[in-house]
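Residue strings, one per chain:
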Amino acid sequence: MSIARLGALRRLHRSGAGAGSRAEPALQLLQAGCPAPPTPPACSPRRWLHQQQATGGASEILQSSKKVLASLKREHPMLKPTLAILQAGSYDLVQEMNKKLAEEIGLHIIHIWLPEDSSEDEIVGEILKLNDDPTVHGLALHLPENAYSSKILNALKPEKDVDGVSAVNLGQLVYGDVYDCLPYPTASAVIELLENIADRSIDGKKVLLVGTAAPLAASLQCLLQRKGAMVMSCQWKTQQLQSKLHQADVMVIGSIKPEEIPISWIKPGTTIVNCSHDVLSGKLCYGHQDVKYGDLAAEEALVSLAVAIRMQNMIKTTERWIRSQQYRKWNLHCLTLHPLSPVPSDIEISRAQSPKAVDVLAKEIGLLADEIEIYGQTKAKVHLSLLERLKDQPDGKYILVAGITPTPLGEGKSTVTIGLVQALTAHLDINSFACLRQPSQGPTFGVKGGAAGGGYAQVIPMEEFNLHLTGDIHAITAANNLLAAAIDARILHESTQSDKALYSRLVPVVDGVRKFSTIQLARLKRLGISKTDPGTLTEEEISKFVRLDIDPSTITWQRVLDTNDRFLRKITVGQANTEKGFIRQAQFDIAVASEIMAILALTTSLADMKDRLGKMVVANDKNGQPVTAEDLGVTGALAVLMKDAIKPTLMQTLEGTPVFVHAGPFANIAHGNSSVLADKIALKLVGEEGFVVTEAGFGADIGMEKFFNIKCRTSGLIPNVVVLVATIRALKMHGGGPSVTAGAPLKKEYTEENLQLVADGCCNLQKQIQIAQLFGVPVVVALNVFKTDSHAEIDLVCEIAKHSGAFDAVPCKHWSAGGKGAVELAQAVRKAANQKNNFRFLYNLELPIVEKIRIIAQKVYGAQDIELSPTAQIQIDHYSRQGFGNLPVCMAKTHLSLSHQPERKGVPTGFILPISDVRASIGAGFIYPLVGTMSTMPGLPTRPCFYDIDLDPVTEQVKGLF
C-alpha cells in the first residue's frame, strides 16, 4: 500500500539504489512496531515528513487504544481480550506487526496458520471453531487474495469481525450505521492518509477505484462519499479506462497495473494509493518498472496505520462484547389476541395464533445468539452460561402459584400462571417469565390431558409443548433404564465369575496396558485404597473392588416408561435362559417418577447434577450398606445422556411473552415443581423489577409445602408471594357437593348458584391460606371464574378469603379473555410483592426423620398424629444409620384430600396419618414417606384421550389433542 504524487514529466521505477537506500529505516520501523527515530533518512524532507505523519497517526491510535483497554481491564479484572488471526500461507511482516502492536497495547493474540492451498471448506471450518470459542473476542483473516470468497467472509460471526468484512458489517456501513459497524482497516487507513498526508481535501475530488474488490471497494466507496468525494469504480480491463484515469484526482489501486496500460494514461499530479494484496501482505518488492506508486517508507507506514486501526477495532469489539454480556432491557413485541365467544378448543386457539420465531423472542429478552440452541421454529434450549454472565444482575420478584385441594378435573393453576404473566407483560409492561413443568405423555394420552394452560392463557404451540418437546423425558428414560440394566448385569456377572475374572474384565488390558478409569479410581478412594497401578492390588483389595454384593431384595431402582400402563406395575425379569436363573420381581414406574427427573428439577449446575446422579442409592449390599450409581461406574454415562436435558426450554405464551418449560417431577412421590435452573435464569433475565411466576404441583398442602421445604432449600431463592388458585366448583365439592368425576357431566349443584355450599367449602380455602402463612409469605387468592359462577358466589369467596388473611382475592377471566382478564390479579400480585416477607422453613433439617414427618402431618394436613408401620420404622432407622437423617422430607400422599383418604373433603381433623413405608432419593436429596398406598405407574381409563387424537396426513396437523 503506498501513496505518491506523479509529476507530468517524470517516470518513477520500482527498483534501484535510491529506493533501496530509503527502504532500510522504514523496514526497521515495520519490525519494531513503533515510530522510527526522528532522524531524516536519505530522502526529501517532504517525503520524510509524510512518513512521520503516517507513523505518528498510528502511534496516536495505539496510545489511545492502550488507555481505553487499560480502563476496561480495571473495570473488569478478569478480562482477557483475545484477537485470533487466521492465516493461510507463510508468516510475514504484517503478522509480526500484528503481534507487536497487540502486545504493546495489552491485547492477547493467537495465530492460526493453514497451508496456502487450503480449501474453502477448511478455512470456513477454522472460522466456525473460532466463532464458537468463547475466549476469542475478535477474528481477522489474512488469506491469499483469491481466497476471500463470500462463503468465507460470511462465515465470520459479525460481532467478532474486527475487519468489518462480513455481509452484516458491510451492510451496516452501506446503510450509514457508523456506530454499529467497523470499517475495513485498510479503507480507514487510506482515508486517514489522503486527508492528513496528501496535503489536500477529499471533498469534491474525483476518486477512481481501480481493481479493488469487496470488501475494500465497498468500504472505501462509503467512506469517500461521506467525505464529499465523487467515487468511480472499475477494473483495469474496463472500456473507457483511459477517460476515467484522466478524470481522476485520486487513484486507489487494488491490483498491480498491467503492462499494456501505458503510464501516460494517468493524469499528471494524480495522488495514487496502492492497496494491492502484495502490499497488504507485507510483500514490498513488487510492481512494474515503468511506474512507481510510492516509496517503500510510505508503504510501510501505511501498513502500520492499517494494523493500528485493526487494533483499535479490536478494542471497540471488546467494548461491544462487554456491553453484550451485561443485562439489557427487554424490547419485547407482544402478540395481539382476538378472543372469540364462545371460546374455541385449546388447540384451535393455539393454532390461530402465529408465534414469533424463537430466536427473535430470545433476542427480545436479552439472550445472546450463542446462549440458545434452536429446536425447530418455536423452541430453544438455553445455555447455563447465562447464569455466569448475569451473576451480578439482581433477581426479580419470585411468585409461586399453588391451589386449594382440587377436584379430579384440576382447578387451572397452569392457566392462572400463564394468564398472570400475559397480564404483567402484555398489559402492564412489566417483564415477566412463566416457569412450568413439562407434561408427561402418560396423562396426555390418558385422562388428564396436557399442562399448557387453556383457553386464551396457554403456551404455544400447545401440541409441541405436550408431545416430546425437546426430548428431556426421553433422555431421563434412557438414563434411568441404563442404570437399571447395569444393576441386573452386575448381579449376574458377580454371581457367575471369580474375583480374578471380574477384575480382568473390569480393568482390561488395552494396547498392552491395564489401567483404571477415572470412576474406578474414585471407587478405590472410597474403599480406602490409594493405589493407582492395577498390578499392585492385593487379592483382598481386588475382591473389595470388584464385588458390590448387591442384595436383590433391597433393589429400589425401577425401570421407567412415559406411558400409563397398569400391567407394568409388577413384572418378572431374568426369565431368559441366558440370565441363568436370576429371576426377580420388579416393576415399571412412569418416567416422571424417576429420581433422575427429581434431580433434574433440583440441580443447580452440570457439576451438581453429575454429583447427584452418582449419589443415587439403588440398593443395599449384603452388609446393609448403600450401593450407588457411582459404585456401578455409570455416573459419567448418565451425565452424558442428560447433558442437553439440563438446559431449560424457551417457549412463549399466546401473547408472545416468554416461558421456560423444564423438568416435570411426579407431584405425589417427588416435589412436583419445575426446575431450579429455569427459575434462576428467568430471575436474572426479568431484571430487578420483573416477575418470575412458577407453579407448584397439586394443592398447597403438597406442592407448596414441598416447594418451600425442598426446592427453596436447594435453590436459596425466597418467594415473594403465593398465588392460591381456587374455583367455586372445587369449593362446592368441599362444602358437601356430589362427587366430581373426570369425563362425567357436572351435577346441577355445580352449575347453579348455591351460596351455602360455597360458604361451607371455603373452609378448605381458609386452611390452605393458613398453610401458606406458616411460611410467612403473603397470599393472593386467584378465583378462576367459570361462566356458570354467579356474581354473588364470586363476591362471597373473595370476601371470605380476605377475612381469612389473604392479602387480596381477585376473580380472574384469563381463560376467556387472555392476559386482559388477569390484569386485576397482576396488580394485586405486584402490590403484595412489595409487602414485608417473613419467609421461614417449617422444620429444622437436624430434627429426626419421624419428627419432620409429624410436623408436616400435624401443621399442614391437620392430622392428630402419625402411625408408622413396622416397615416404615425399620427404613427410618436404616436411613438414619446410613447418615441420611438430615435430609428434608417429601411426603407421598393423595392430592385429593388434606388427609390420606381421597374421599374426605373440606378440612378433615382428628385423623391418624398412616406411614406405610419410607424410601429415599439420595441423589435428589430427600426422604419420601408413603402415606397409605401410592401408585407410581398410572393406568389407562376405559376411554383414554387417544381416541380423539389423530394426524392429518396432508397437513401433518395434530387433531383432537384437546
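Please read these numbers as outputs of a predicted model, since none were measured by experiment.

Chemist: Looking at this structure, I do not really get the side chain of Thr-425. What am I missing?
Modeler: Its place among the elements puts Thr-425 in helix H15 (residues 413-427). Every residue in contact with Thr-425, bar those within four places of it in the chain, is listed here: Leu-332, Cys-334, Ile-430, Asn-431, Ser-432 and Thr-657.

Chemist: How should the packing of helix H26 (residues 700-715) against helix H28 (residues 755-774) be read in this particular structure?
Modeler: Between two packed helices, the angle of one axis relative to the other and the distance separating the axes together describe the packing. Close contact between H26 and H28 brings their axes to 10 Å; oriented N to C, the two are set at 10°. With respect to H28, the element H26 is oriented roughly parallel. Residues Ala-700, Asp-701 and Met-704 of H26 form the contact with H28, whose participating residues are Gln-768, Ile-771 and Ala-772. Here the contact of H26 with H28 is composed, by residue class, of 4 nonpolar, 1 polar and 1 charged.

Chemist: Where do I start with the sheet that holds strand S29 (residues 865-868) in this structure?
Modeler: Paired through backbone hydrogen bonds, the strands of a sheet run either parallel or antiparallel to each other. Taken in spatial order, the 3 strands of this open sheet run S29-S30-S31, and their pairing is mixed. At either end of the open sheet lies a strand with only one pairing partner, and these are S29 and strand S31 (926-931). Here the strands of the sheet are splayed against their neighbours by 50° on average, with no regard to which way each runs. One ladder, built from 6 bridges, connects strand S30 (residues 912-921) with S31; its direction is antiparallel. Bridged to Ser-921 within S31 is Phe-926. Helix H32 (residues 849-861) rests against S29, S30 and S31 of the sheet, and its axis sits at about 135° to S29. Where helix H33 (residues 870-881) meets the sheet, it contacts S29, S30 and S31, and its direction lies at approximately 40° from that of S30.

Chemist: Quick question: what am I supposed to make of the side chain of Thr-378 here?
Modeler: With respect to the helices, strands and loops of the structure, Thr-378 is situated in the loop between strand S9 (372-375) and strand S10 (379-382). For Thr-378, the side chain forms a polar contact with the side chain of Glu-464, separated by 3.1 Å. When near neighbours in sequence (up to four residues on either side) are disregarded, Thr-378 contacts Pro-355, Lys-356, Val-358, Pro-461, Glu-464, Leu-650 and Met-651.

Chemist: Where do I start with unusual backbone geometry in this structure?
Modeler: The bulk of non-glycine residues show a negative phi, and the bulk of peptide bonds are trans. In the segment running from Ser-341 into Pro-342, the intervening peptide bond is cis, with an omega of 0°. You will see that Asp-429, though not glycine, has its phi angle at about 55°, which is positive. Here Asp-429 is to be found in the loop between H15 and strand S12 (432-436). Asp-429 gets classed as exposed once you look at its relative accessible area, which sits at 70%. Of note in the backbone geometry, His-468 takes a positive phi value of approximately 70° without being a glycine. Mapped onto the secondary structure, His-468 falls in the loop between helix H17 (462-466) and helix H18 (472-496). His-468 gets classed as partly exposed once you look at its relative accessible area, which sits at 46%.

Chemist: Could you clarify how one ought to interpret the environment of Asp-760 in this entry?
Modeler: Here Asp-760 is to be found in helix H28. Using a relative accessible area of 37% as the deciding quantity, one classes Asp-760 as partly exposed. Sequence-wise, Asp-760 and His-734 are 26 residues apart; in three dimensions their C-alpha atoms are separated by 7.3 Å.

Chemist: How should I be thinking about the pattern of salt bridges in this particular structure?
Modeler: If the charged atoms of two oppositely charged side chains come close together, the side chains can form a pair. Under the definition given, this model contains 35 salt bridges. Across the pair Glu-373 and Lys-647 runs a salt bridge whose closest N-O atoms are separated by 2.7 Å. A residue pair is termed long-range when its members are at least 10 positions apart, and Glu-373 in strand S9 and Lys-647 in the loop between helix H24 (635-642) and strand S23 (649-653) qualify at 274 residues. For Lys-647, a relative accessible area of 12% gives the class buried.

About the criteria used
Residues numbered from 1 in each chain as written. Predicted model: local features only at pLDDT ≥ 70, side-chain atom pairs only at ≥ 80, totals over all residues. Heavy atoms only, no water. Helix = DSSP H or I, 4+ residues; strand = E, 2+ residues; numbered from the N terminus. Contact = heavy atoms within 4.5 Å. Axes fitted to C-alpha atoms, helices over the stretch in contact; angles between N-to-C directions. Parallel < 35°, antiparallel > 145°, perpendicular 65-115°, else oblique. Nonpolar A, V, L, I, M, F, W, Y, C, P; charged D, E, K, R; others polar. Pairing = 2+ DSSP bridges. Polar contact = N/O pair within 3.5 Å; in protein donor to acceptor, adjacent residues only side chain to side chain. Buried < 20%, exposed > 50% of the residue type's maximum accessible area, 1.4 Å probe, protein only. Salt bridge = Lys/Arg side-chain N within 4 Å of Asp/Glu carboxyl O.

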